[in-house]
Amino acid sequence: MAIIDKPLALPAGEPRRAARPLGVFTRPKEQTGISAWLTTVDHKKIGIMYGAAALFFLLIGGVAALLIRVQLATPNNTFLSGDAYNRMYTMHGTVMVFLVVMPIGAAFANFLMPLQVGARDVAFPRINAFSFWVFFFGGLMLNTSWFLGGGADGGWFNYAPNNGVAFSPSHGIDFWNAGLLVAGIGSLTGSINLITTVLNMRAPGMTLMKMPVFTWMTLVTQFLLLFAIPVITVAQLLLTFDRRFGANFFNVQQGADPLLWQHLFWVFGHPEVYLMILPAFGIVSEIIPTFARKPIFGYPFMVFSGIAIGFMGWGVWAHHMFVSGLGPLSVTAFSVATMFIAVPTGVKILNWMATLWGGKLILNTAMLFSIGLITQFTIGGLSGVSHALAPSDTQQTDTYYIVAHFHYVLFGGAFFGFVGGVYHWFPKAFGYILNDTFGKVQFWTMVVGFNLTFGPMHILGLQGMPRRMQTYDDAMGFNFWNLAATIGAFILGVGVLMLLANVAYSYSKWKAAGRPNPGPDPWDARTIEWSIPSPAPSHNFDVDPVVTSLDDFWHRKYQEDENGVVRRVHTGAEIAQPGNGEGVHLPAPSYWPIVLAFGIPIIGYGIIFSLWLCIPGALIVIGALFGWALEPADDLDAPGHDHGHDSPGHDGSGDHAEPELETV
Amino acid sequence: MTDVAIPVEHAPAEHHEGGGHASSLGLSNTKLAFWLFLGSECLLFGALISSYLLSVGNFVGQVVAGNPRVLATMPEEIMAEIAEKGSVNEFFDIPFTSASSFILLMSSLTMVLAHKAVSEGNYRGSKIWLSATALLGATFISGQVYEFTVFYREGLHFDGNLFGSAFYTLTGFHGAHVTIGILMLVALLIMSFKGKLQADRAETVEIVGLYWHFVDVVWVLIFTVVYLIP
C-alpha cells in the first residue's frame, strides 16, 4: 500500500474513498522513461510501440529476404544450404505477415482510430496494453527459434503432413505454433477492444456513416480478425497436439485427411490477406482527399465495398487449393466467388481515381505513396484475377508468378500505404514533420527497387521457376531476371531503411531549428484528429468533440458564402482545441498487462521443452489475473493526468467548456 | 478491503473499464465486448466440430475398409462393432451422457435465477442459485471425467487413433470452458459472501450468465453431433 501524500485529483467536493488494490505492486507512477512505456495504457503510446515492434521484426524479415535473394542471384549457388533456405523463406513469410504487416495495421488502428472517433482512449486500456505485449512476446518467442534449434521450415502456410514430426523433426514448427498462438491472443483481445471502441465510444453526433473511412476499414479489419483468429488457433492447437502429444489429426497413416489443414489454414488465411490490406486502403482513403483538396468520391461506396470485401473474403479461401483435387464443383464455385471479390476492390480503385480526378493535387510524399499503392495494387490485383481462373492458376501455382502477385498487393499495396501513412500522421504522433524531399527520394528508390525485384518474378514464374526451390540450373534461362531481382531487392532494402534515416535526419533538423511546433493541422486536413495539438496530448480531446458531418473538421474550417462559393472561414489552428487537459481523468498505468503477457510464452516454452516449465508460467498468469482483477481499472490516486499542454495559443485558463470527468 | 465504505452511487462497477461514458449503442462496453468474444468462440467451436466430423468420418472409413494400422489401435470387438454399424455412436453410453447433459441444461435455469436474485438485491437467493449453478456445472464435469476414464480403459486413447484425438479434443475443449465458467461462478460466490455482489453488479452476473448459456448451447450442439447423429 503506497502512502499517498499528494492531493487526490478529484472533482471538487466529491466524497470518494477508493479501495486500494491488494496487488503485489503499487500503481506505477512514472510519466516518462522506459517504465512509463512498459506500464502505459495510452492508446497512442501503444500504437507507437506496435509500430516500433513491427519495424524491429521488419529488419529480421528483411534480412531473411535479402539472404534468399543472395542465394538466388546466381545459378547453382551454395550460399545457403537447402535446410537453411527452407527456414529463411518460412520465417520471412511468417514474420512479415504476422509480425510486420498485421502489427503495422494494429499500430495505425490503435493510434488513429480513437482520435478519429473522438474518444479519450480505447474501451479497455489495460487490455489494449496486454494485447500489445502478448503480441510482442509471441513474436520474440517465434524468433528465439533461430537460436533454439532453427526456425520453422514448412512454408508460411505449413502444409500437412509436411508439418508433422516425421518430416520436420526440429522444434522450428513447434515455435511457429506456440509463438503465433501467443501472438494470436493479442490479436483476439485487440480486435474485441477496437470493435467495442468504434461501435460504442464515438463522439456525440458521429453516426456510423459519418465515421472516417480509415475507422470504417479498422472496424471491418477487426471483425475479420475476430472471426479468423479462432480458426488458425484451432489449426495450430491440433498441430501442436499432433507434434507434442501424439494426436493423429494430420497423421495420414491413421487415415487423416491432410486437406483439413489446408481448409483450416485458408479459412483463416484468406480473410487474413484482406485484413492486411484494408488498413492500408483506409490510410490512403484519408490521404488522397486531403491532398487532392476534394472529399472522397462516393463515401458510401467506399464503406460498403470495404464491408463487401470483409464478407466475401470468407467465401474464397479454396482458390488457394485449386490444385489439391477439390473437384470441379468446388473449384467452379470458388473461382466465380474470387472473380466477384475483384468488384468491390475495383470500386475502391475507381473511387480513389475519381477523387484524384480534377483535384488540386499536392504531390507530397504521403500522396506519392498513396498513388504508388493504387498503381501497384492494381497490378497485383490484375495478376490476382488471373489466379481466379482455375486453369490458368493450375499453371501458375507454386511458381514465382504467385510470389510476384502477393508481393505486389502486400508490399506494393499495403506496405506502400503504411509508409504513406507514417509520413502523413508523423507530426500528430511525434510533433515534427518528416522531410518531404528526403521522402520523395525514398519513394522513388522504393518504387524502382520494388518493381525491379518483383516485376521480373512474373516472367520467371511464367517461365516455370518454382517457389521454395533453393537453386536452379544454369541452363534453365532464369539467370538474368534472378540477378535483376536480387539487385532490386537491395535497392528496396535501402529504400526501406531510408525511412529510419529520414526520421533521424528530420529530427536533427527540427532540433537545430529550435523544435518548432507543426501546429495542430499542418496539412489542412479533414478529420477530427487534426483538431487537437501535435503531438496529440495524452488526454486527446479537452472536451468531447461534437460531430455534425462527415469530414467534420473540414466543414468547420470551410463554409459556403452567400454566393455558394466554398471559402475558408477559419484556419485549423484557430478552431483546434488548445490541449488543456486540466482535470481530465485518465486511466492509470498498470504493471499487470505486461506481467500477464510475460507468463503466457513461458507456458509456450513449457509445451515445447518440458511441461514442468508450464507451472511457473501458469503461476505468473494466475497471479497477474488476480492482481489485474483486484486493481481498480481507474486509480484515483494515480498521477495519470495531463495538467495542461504547452501548445501554441494555450493560455492555460481558456474559456472552453468544463472538461468532462469521465473515465474511459 | 471489506472495511472500505463505498457509497452505492460510487461503487466500483461505475469505474470499471468502459463504465461511465455514455455509449454510442446504449450497451455497456463490457457487455458488447463479451458478445464479440462469444462470436469469436462460435468460430473456435465451429472449427473444432468440423475437425471432429472430418476426422471421425475418416476413422470410420478406415475401419470399414479394414486398414490394419487403424484396427490395431483399439480392441477387436469395438472395432468390429464400429465396422458393422458404420458409426462410432455405439461406443458411447447415451443414457449416462443424456443425464449429465440434462444437469448442465438445468444449470442454465439456476443461472437465470441467480441473475434475477442479484438484480433484485436478494442476497440469500443469489448465494443459493450461484452455488447451485456451480454445483450442477461441477457435476457435469465429474461426469465427463468419469466418462473419459471409462473410455480410456476401454481403449480409446488420445494418441491412439483419429477418433480418440478428435473426441478428447472437442469434448475436452468444452469441458475446459465449463471449468472456467465454474471458476467465474466461484469468484462471484466469494464476492457475494463478502457482500460485494450488490444489485449494481448485476451486469457482471449477467455476463457470466451469457458465457454459461453459451457453453450450454455449445454442449447441445456437441451432444447432438458427437453422441446422437450416427
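None of the values given here were measured: they were computed from a predicted structure. (Residues numbered from 1 in each chain as written. Chains lettered and ligands numbered in written order. Predicted model: local features only at pLDDT ≥ 70, side-chain atom pairs only at ≥ 80, totals over all residues.)

Each helix and strand counted, chain B has seven helices and zero strands in total. Each helix and strand of chain B, placed in order from N terminus to C terminus, yields the pattern α-α-α-α-α-α-α. Dimensions of chain B, computed from C-alpha atoms along their principal axes, come out at roughly 70 × 35 × 25 Å. (Helix = DSSP H or I, 4+ residues; strand = E, 2+ residues; numbered from the N terminus.)

What follows covers the overall build of chain A. Per the secondary structure count, chain A includes 18 helices and two strands. Each principal axis of the C-alpha atoms in chain A carries an extent, and together these give about 80 × 65 × 50 Å. Counting the 664 residues in chain A, one finds 56% classified as buried. For chain A, the share of sequence-separated contacts (at least 6 apart) that also reach a separation of at least 24 residues comes to 83%. (Buried ≥ 20, exposed ≤ 12 C-beta atoms within 10 Å, placed from the backbone. Contact = placed C-beta atoms within 7 Å.)

Residues and elements named next belong to chain A. Following Ala160, the chain continues into Pro161 via a peptide bond in cis, with omega recorded as -5°. Within the element layout of this structure, Pro161 appears in the loop between α4 (125-144) and α5 (172-200). Across the junction of Ser534 and Pro535, the peptide omega takes the value -10°, indicating a cis bond. Checked against the element boundaries, Pro535 lands in the loop between α14 (479-512) and α15 (552-557). For Asn158, which is not glycine, the phi torsion reads 55° and is therefore positive. Positive phi, close to 55°, is recorded for Asp524, a residue that is not glycine.

Before going further, it helps to examine the packing of α5(A) against helix α1 (residues 29-65) of chain B. Close contact between α5(A) and α1(B) brings their axes to 9 Å; oriented N to C, the two are set at 135°. As summarised for this structure, α5(A) and α1(B) are arranged oblique, according to the angle between their axes. Our pair here, α5(A) against α1(B), has a crossing hand that is right-handed. On α1(B), the residues that touch A:Leu188, A:Ile192, A:Ile195, A:Thr196, A:Leu199 and A:Asn200 of α5(A) are B:Asn29, B:Leu32, B:Ala33, B:Leu36, B:Phe37 and B:Ser40. Grouping the amino acids of the contact of α5(A) with α1(B) by side-chain chemistry returns eight nonpolar, four polar and no charged. (Axes fitted to C-alpha atoms, helices over the stretch in contact; angles between N-to-C directions. Parallel < 35°, antiparallel > 145°, perpendicular 65-115°, else oblique. Left-handed = near helix turned anticlockwise from the far one by under 90°. Nonpolar A, V, L, I, M, F, W, Y, C, P; charged D, E, K, R; others polar.)

Counting residues in hydrophobic clusters, the biggest one holds 242 residues, and the most contacted among them are A:Val101 and A:Leu264. With near-sequence residues (within four places) excluded, A:Leu264 lies in contact with A:Val231, A:Val234, A:Ala235 and B:Ala47. (Core = buried A, V, L, I, M, F, W, Y, C linked by C-beta atoms within 7 Å.)

Helix length check: α1(B), at 37 residues, gives a terminal C-alpha distance of 54 Å against a target of 54 Å (1.5 Å per residue), a fit within 8%. At the exit of α1(B) stands B:Gly66, carrying a positive phi of roughly 80°. (Expected span 1.5 Å × (residues − 1).)

Let us look at the environment of A:Tyr558. All names here are of chain A. Relative to the helices and strands, Tyr558 is located in strand β1 (residues 558-560). Separated by 13 residues in the primary sequence, Tyr558 and Thr571 place their C-alpha atoms 8.7 Å from one another. Once residues lying within four places of it in the same chain are set aside, the contact partners of Tyr558 are Val566, Arg567, Arg568 and Val569.

This brings us to the packing of α4(A) against α5(A). Residue and element names in this part refer to chain A. Viewed as axis vectors pointing N to C, α4 and α5 meet at an angle of 165°, and their least axial separation amounts to 8 Å. Classed by the angle they form, the pair α4 and α5 counts as roughly antiparallel. In this structure, α4 meets α5 at a crossing whose hand is left-handed. Its residues assigned to classes, the contact of α4 with α5 comprises 15 nonpolar, ten polar and no charged.

With that settled, consider the confidence of the model for chain B. All names here are of chain B. Summarising the model, chain B shows a mean pLDDT of 89, and 90% of its residues fall at 70 or more. Throughout residues 1-21 the model reports pLDDT below 50, and contacts reaching past four residues in sequence, or to other chains, amount to 42 contacts. Here the predicted complex scores 0.90 on pTM and 0.90 on ipTM. (pLDDT = per-residue confidence, 0-100.)

This part covers the environment of A:Trp357. Residue and element names in this part refer to chain A. Looking at the secondary structure, you find Trp357 in the loop between α9 (328-356) and α10 (365-388). On the basis of neighbour counts, which here come to 11 C-beta atoms within 10 Å, the residue Trp357 falls in the exposed class. As for Trp357 and Ala292, which are separated by 65 residues in sequence, their C-alpha atoms are 8.3 Å apart.

Residue and element names in this part refer to chain B. Topologically, Leu109 is positioned in helix α4 (residues 94-119). You can call Leu109 partly exposed: it has 14 C-beta atoms within 10 Å. Along the sequence, Leu109 and Arg124 sit 15 residues apart, while their C-alpha atoms lie 17 Å from each other.

Attention now moves to the confidence of the model for chain A. Residue and element names in this part refer to chain A. Looking at chain A, the pLDDT average stands at 90 and 91% of residues meet or exceed 70. The low-confidence segment residues 1-19 (pLDDT under 50) makes 22 contacts with residues lying over four places distant or belonging to another chain. The model gives residues 637-664 a pLDDT under 50, and that stretch makes 76 contacts with residues more than four places away or in other chains.

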